[in-house]
Amino acid sequence: MSSELTAFEIVINASLPVQLVMLLLVMVSVLSWGVIFRKAAEYREARRAISVFEERFWSGIDLSRLYVQVNGQPHVNSGQENIFRAGFKEFARLSQQSGTDGDAVMEGTERAMRVALYR
């Protein structure tokens with residue numbers, strides 16, 4: 001007399017609180033997988049944006065042209081672009097000031113890039 005219960009029968013025969021807990025667990029599992037897939041897609045997009053920016057940066061393009069391009073079409077997922085934008089903007093601002101020595105310009109640029117990195 002072997003009466004094996006299937007998973008469906010176990011759920012149907014469970015009490016209401018147990019059924020509610022199982023339903024809640026299934027819903028949270030589905031939401032978790034949704035978050036996992038969304039984050040994986042964001043990660044892929046960020047890696048692609050980094051790759052594109054690195055290729056443009058190391059291609060030998062004039063940095064002022066690159067700055068204009070990056071400002072015109074920013075990738076929100078590319079942290080490298082944000083760091084470059086902050087550093088170049090500060091570099092240009094400090095370079096235009098009269099009487100600023102090279103070390104002060106570089107220190108200011110590094111500081112702006114460090115702040116962008118922490119953000």
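Thresholds, definitions, all that
Residues numbered from 1 in each chain as written. Predicted model: local features only at pLDDT ≥ 70, side-chain atom pairs only at ≥ 80, totals over all residues. Heavy atoms only, no water. Helix = DSSP H or I, 4+ residues; strand = E, 2+ residues; numbered from the N terminus. Rg over C-alpha atoms; globule rule 2.2 N^0.38 Å. Buried < 20%, exposed > 50% of the residue type's maximum accessible area, 1.4 Å probe, protein only. Contact = heavy atoms within 4.5 Å. Areas by Shrake-Rupley, 256 points an atom, 1.4 Å probe, with all protein chains shown as cover. Patch = residues over 30% accessible without salt bridge, like charges linked within 9 Å, V, L, I, M, F, W, Y side chains within 5 Å. Salt bridge = Lys/Arg side-chain N within 4 Å of Asp/Glu carboxyl O. Axes fitted to C-alpha atoms, helices over the stretch in contact; angles between N-to-C directions. Parallel < 35°, antiparallel > 145°, perpendicular 65-115°, else oblique. Left-handed = near helix turned anticlockwise from the far one by under 90°. Nonpolar A, V, L, I, M, F, W, Y, C, P; charged D, E, K, R; others polar.

(A) Summary view of the overall build of the protein chain. Of regular secondary structure, the protein chain possesses 5 helices and 0 strands. When its helices and strands are written in sequence order, the protein chain yields α-α-α-α-α. Expected size for 119 residues packed as a compact globule is a radius of gyration near 14 Å; at 27 Å, the protein chain overshoots this value by more than 25%. Along the three orthogonal principal directions, the C-alpha set of the protein chain runs to about 95 × 25 × 20 Å. Within the protein chain, buried positions represent 18% of all 119 residues. Contacts spanning at least 24 positions in sequence make up 38% of the contacts within the protein chain whose residues lie at least 6 apart. Within the structure as shown, the protein chain displays about 9,400 Å² of accessible surface, and the carbon and sulfur contribution to it stands at 62%.

(B) Examining a nonpolar patch on the surface more closely. Taken together, the side chains of Leu16, Leu20, Leu23, Leu24, Met27 and Val28 present a nonpolar region at the surface, about 580 Å² in accessible area. Looking at where Val28 falls in the secondary structure, it is placed in helix H2 (residues 16-57). By relative accessible area, Val28 is classed as partly exposed at 43%.

(C) Structural view of the packing of helix H4 (residues 79-96) against helix H5 (residues 102-118). Where H4 contacts H5, the axes come no closer than 8 Å and their chain directions differ by 155 degrees. Between H4 and H5, the crossing angle belongs to the class labelled roughly antiparallel. As H4 runs across H5, the sense of the crossing is right-handed. Mapping the contact onto sequence places Asn82, Ile83, Ala86, Gly87, Glu90, Phe91, Leu94 and Ser95 in H4 and Ala104, Val105, Met106, Gly108, Thr109, Arg111, Ala112, Met113, Ala116 and Leu117 in H5. Here the residues of the contact of H4 with H5 sort into 11 nonpolar, 5 polar and 2 charged.

Geometric descriptors of this kind do not, in isolation, establish any biological role.
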